[in-house]
Amino acid sequence: MAHSTRSDPPELPDFTLLKRLARDQLVYLLEQLPGRKDLFIESDLMSPLDRIANVSTLKQHDVDKLYKVEYKPITSTSDQLCFLIRPRIKTVKWICQVANSDRAAGKFRRYKIIFTPQKFYACDAVLEEQGLFGDVTTDEWAFYLLPLDDDIISLELPEFFRDNFLAGDQRWIRTASSALHLLHSIFGPFSKVYGIGRCSKMVYECWRELVEEADSKPRHAEIGNVFLIDRDVDFVTPMCSQVVYEGLMDDIFKIKCGCVEFGPEVTSSDKSVKVMLNSQDKVFNEIRNEHFSNVFGFLSQKARNLQSAYDKRQGMDIKQMKTFVSEELKGLKQEHRLLSLHIGASESIMKKKTKQDFQELLKTEHCLLEGFEIRECITFIEEHINRQISMIESLRLLCLLSITENGLLPKDYRSLKLQYLQSYGAEHLLTFANLKQLGLLMEQQPGDTLTVMESKVGKLVNDKTAGMLTETFSSLAKKSNFRALSKKLNLVPKSDEEYDLRVPRDMAYIFSGAYVPLSCKLVEQVLERSSWTGLEEVTRLLNGHEFAVTGNNGAQNDAQRLVLVMFLGGCTFSEISALRFLGKEKGYKFIVVTTAITNSTRLIEMLLGNQI
């Protein structure tokens, strides 16, 4: 399963330091409210908190009981209440209701709010409006970065995407720049910083201000190159079905903070099991980046190897058996347990994907990426909508059609939109408005299509080859940004070439050889050139905002081959697998920093009309 490497890549920095820093600061903040106290935690902070400080750690620092924030009257009898929350107005208003209810009942308590990763002015304004400013103490837990694995770090801010790219709310820019500054202060200085996208440029400029304000001391650089990439630079990649093992695990079982819960269908028992998915899981580590078609073969071979290791016991004398039990048996049992779970998970994935006509779905996606048989693709999408197979999947296919074709023909747009609203409800009018605002689902404007003469020539060619005339032939050959980008960067490999998924030759393997993720291709091209030079036409098609800045302290040798890629707006496991492959091919090690791990489902769910 291993890929060939050109040179030994450098060792990754130890990011567990980030956890220790976060834990120590949280403990300090809790101790600022001395004595026994109850802690209320916002639901989306519970999983990240568990990775930083577990229940026993909290109890060691006078936390009596833990509650989840549920926006209803509380049952706590403690005289001290501490709230660990995101800086959300809704949550602050609820805390004010709790405090005012206590005041009306003549109950005296002490209240402390710990905002993470930072506090916004609007939160103080709410406390002031409610007459509680000063009565409720506030603090900030600067918990910016959660290491999910050796090479993955997350800000755990899924709302970054919707707030910044849809609502135009730039409040998280400072958070992202502070996260980058934390990495710079511990593992920097960075020798070169590249970026593309409006948000990336703002994060970079904000980060530079933080660097100038801080005391700069000479340090040994551990990370050389840094990339900042906006999610809206590449919307095609998250809209494609994931087919690498880790991506499919996320799509099917929903990986949360690096952890997944397997139900009875996987465990073959009546119990669910929580499993940490990271490089410490030897079985998972070997298959996480593999195309799913290779996974069963690997698991079968692994099972045979494991059986052979167990069979070694036959014919052992007492001394050898003792050594075997003390040194090998425990590891074999652990590996056996994990192997059993991954076999169960793979079978579950196979059943669900077969049920959803997954191969037909992939074929449609590949046609959209290549720009062929668009009318057949539209028919497939219409059937998908009318059969109500999946509300999210239908929107994803519509978005992929729109992005790859630079918008839909007006007639197709109106027809597909009407069918979707009839199938899934008129409330999705706002969903369509959100998708349009982001450029994910557009109607072609007059000027976007081919000239009349070009269209006629196209129709003649179509008549001869297919024996039929389609109204959408012009959309196959129109000059869209995606088609131009695809051609310039060779994003879609030639379909007439055989692609061996067992021995992948490029990053396209993560999509069955059909497409190289644009985001990762940009990283590869810039690293080859050490600049954006030669990519001017590409950056123009991507609406610019690219930059490349050389730092004062150039990193040496190994650090130059450590590349940090920061995705602003979310990153998929498929992109992480692609970067790992690129690293093995080119002798780099990639560190992925993202505002959140995303996929098409999470991304579209944030844009649904009911998400006000």
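Residues numbered from 1 in each chain as written. Predicted model: local features only at pLDDT ≥ 70, side-chain atom pairs only at ≥ 80, totals over all residues. Heavy atoms only, no water.

It is not clear to me how the overall build of the protein should be interpreted in this structure. Could you clarify?
Within the protein, the secondary structure is distributed over 27 helices and 14 strands. Taken over 612 residues, the protein has a buried fraction of 55%. Within the protein, counting contacts between residues at least 6 apart in sequence, those at least 24 apart form 78% of the total. As displayed, the protein offers around 28300 Å² of accessible surface, 50% of which is attributable to carbon and sulfur atoms. (Helix = DSSP H or I, 4+ residues; strand = E, 2+ residues; numbered from the N terminus. Buried < 20%, exposed > 50% of the residue type's maximum accessible area, 1.4 Å probe, protein only. Contact = heavy atoms within 4.5 Å. Areas by Shrake-Rupley, 256 points an atom, 1.4 Å probe, with all protein chains shown as cover.)

Help me understand the pattern of salt bridges in this model?
Opposite charge on two side chains allows them to pair when their charged atoms are near. According to the stated counting rule, one finds 30 salt bridges in the structure shown. The shortest N-O distance in the salt bridge between R288 and E246 comes to 3.1 Å. One end of the pair, R288, is in the loop between helix 12 (282-287) and helix 13 (292-311); the other, E246, is in helix 10 (residues 245-253), with 42 residues separating them in the sequence. Owing to a relative accessible area of 2%, E246 belongs among the buried residues under this scheme. Ionic contacts of the salt-bridge type, sharing partners, join the residues D149, D151, E246, R288 and R580 into one network. (Salt bridge = Lys/Arg side-chain N within 4 Å of Asp/Glu carboxyl O.)

Help me out: how do you make sense of the packing of aromatic side chains in this one?
Given two aromatic rings, their pairing is described by the distance between the two centres and the angle made by the two planes. Taken as a whole, this structure holds 24 aromatic pairs when the rule is applied. Between the aromatic rings of F482 and Y515, the centroid separation amounts to 6.2 Å while the plane-to-plane angle is 50°, which identifies the pairing as tilted. Pair noted here: F482 is in helix 22 (residues 481-489) and Y515 is in the loop between helix 22 and helix 23 (518-529), with a separation of 33 residues, a long-range link. For Y515, a relative accessible area of 0% puts it in the buried group. Taken together through their ring pairs, the aromatic side chains of F40, Y67, Y71, F83 and W94 make up a single cluster. In this arrangement the basic side chain of K90 is found over the ring face of Y71, its NZ or CZ atom lying 4.3 Å from the centre. The positively charged end of R208 is found above the aromatic ring belonging to W207, 5.3 Å away from the centroid. (Phe/Tyr/Trp six-rings, centres within 6.5 Å; stacked < 30°, edge-to-face > 60°. Lys NZ or Arg CZ within 6 Å of the ring centre and 35° of its normal.)

Hey, could you run me through the sheet that holds strand 4 (residues 110-115) in this one?
What holds strands together in a sheet is hydrogen bonding between their backbones, with the strands either parallel or antiparallel. Strands sit in the order 2-1-3-4-5 across an open sheet of five strands; the sheet is parallel. Two strands close off the open sheet at either side, each with one partner strand: strand 2 (63-68) and strand 5 (136-140). Here the strands of the sheet are splayed against their neighbours by 20° on average, with no regard to which way each runs. Relative to strand 5, strand 4 is paired through five bridges, and the arrangement is parallel. Bridge pairing links F115 to E140 in strand 5. The strands touched by helix 2 (residues 43-52) within the sheet are strand 1 (37-41), strand 2 and strand 3 (80-85), with strand 1 carrying the most contacts at an inclination of about 110°. (Pairing = 2+ DSSP bridges. Axes fitted to C-alpha atoms, helices over the stretch in contact; angles between N-to-C directions.)

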